[in-house]
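Descriptive structure summary
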Amino acid sequence: MRAGGPLSEIWRSDRGLTALLVFLVLGILVALPLISSGALSPMLFDVALGLILISGVASVAGRRTIHRVQGAVAAYLLLGLAWSFAYELAMLGSADAVHFADATGFPAAQVPRLVYFSFVTLTTLGYGDIVPVSPAARSL
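Residues numbered from 1 in each chain as written. Predicted model: local features only at pLDDT ≥ 70, side-chain atom pairs only at ≥ 80, totals over all residues. Heavy atoms only, no water.

**Re the overall build of the chain**
Looking only at helices and strands, the chain has six helices and two strands in total. Taking contacts inside the chain between residues at least 6 apart in sequence as the whole, the part at least 24 apart equals 63%. Accessible surface computed for the chain: about 9700 Å², of which carbon and sulfur atoms make up 72%. (Helix = DSSP H or I, 4+ residues; strand = E, 2+ residues; numbered from the N terminus. Contact = heavy atoms within 4.5 Å. Areas by Shrake-Rupley, 256 points an atom, 1.4 Å probe, with all protein chains shown as cover.)

**As for the side chain of Ser118**
Take Ser118: it is sitting in helix 5 (residues 107-122). Here Gly80 takes part through its backbone oxygen, which lies 2.5 Å from a polar atom of the side chain of Ser118. Leave out the neighbours within four places in its chain, and Ser118 touches Gly80, Trp83, Ser84 and Tyr87. (Polar contact = N/O pair within 3.5 Å; in protein donor to acceptor, adjacent residues only side chain to side chain.)

**Some remarks on the environment of Gly80**
Relative to the assigned elements, Gly80 resides in helix 4 (residues 66-93). A relative accessible area of 0% means that Gly80 is categorised as buried. For the pair Gly80 and Thr121, spaced 41 residues apart in sequence, the C-alpha separation works out to 8.9 Å. Residues contacting Gly80, with those up to four places away along its chain left out, are Ser118, Phe119 and Leu122. (Buried < 20%, exposed > 50% of the residue type's maximum accessible area, 1.4 Å probe, protein only.)

**Let's talk about the packing of aromatic side chains**
By the definition in use, this model includes one aromatic pair. When the centroid spacing of 4.8 Å and the interplanar angle of 55° are considered together, the rings of Tyr87 and Phe117 count as tilted. Of this pair, Tyr87 sits in helix 4 while Phe117 sits in helix 5; the two residues are 30 residues apart in sequence, bridging distant segments of the chain. For Phe117, a relative accessible area of 7% corresponds to the buried category. (Phe/Tyr/Trp six-rings, centres within 6.5 Å; stacked < 30°, edge-to-face > 60°.)

**Concerning the nonpolar core**
Grouped together as the largest cluster of nonpolar side chains are ten residues: Tyr87, Ala90, Met91, Ala97, Val98, Phe100, Leu114, Phe117, Ile130 and Ala137. Counting residues per element, the ones that place at least two in this core are helix 4, strand 1 (98-100) and helix 5. At three residues, the largest contribution of residues to this core is made by helix 4. The residues touching Ala137, leaving out its near neighbours within four places in the chain, are Tyr87, Ala90, Ala97, Val98 and Pro132. (Core = buried A, V, L, I, M, F, W, Y, C linked by side-chain atoms within 4.5 Å.)

**What to know about a nonpolar patch on the surface**
Together, Leu21, Val22, Leu24, Val25, Leu26, Ile28, Leu29, Val30, Leu32 and Leu34 make up a nonpolar patch on the protein surface, roughly 850 Å² of accessible area in all. Along the chain, Val25 falls in helix 2 (residues 14-37). Judged by relative accessible area, Val25 falls into the partly exposed class, the value being 38%. (Patch = residues over 30% accessible without salt bridge, like charges linked within 9 Å, V, L, I, M, F, W, Y side chains within 5 Å. Salt bridge = Lys/Arg side-chain N within 4 Å of Asp/Glu carboxyl O.)

Rendered as structure tokens:
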């Protein structure tokens, strides 16, 4: 496709970002479980994901995209904070929903630990020093 064509215009608009997000969510939440159950070919998912990535990279190549990168980082950080509050809600339902290896018993120290746990989980580091115990916390 030539530079500045219709595909490039779609990717530069908010509709393009919305479509990208929808495709990614559908791919992760729908296609991956279908692949693991054998109902969908992994090759089809790989091809679709590859096309999305290639067209996205081609459309922004040579353009300044710092505002999108900053927005993505901000969204990632907000997601981590939102998840820490979700863990806190789970702990309001059951005080032992999350097990801290070095529990000090300070309620004020709980929020920073949950933020830490949220980002450790989000980045898939998973040190094991904080473990979700209740079904609600484990599902988060």
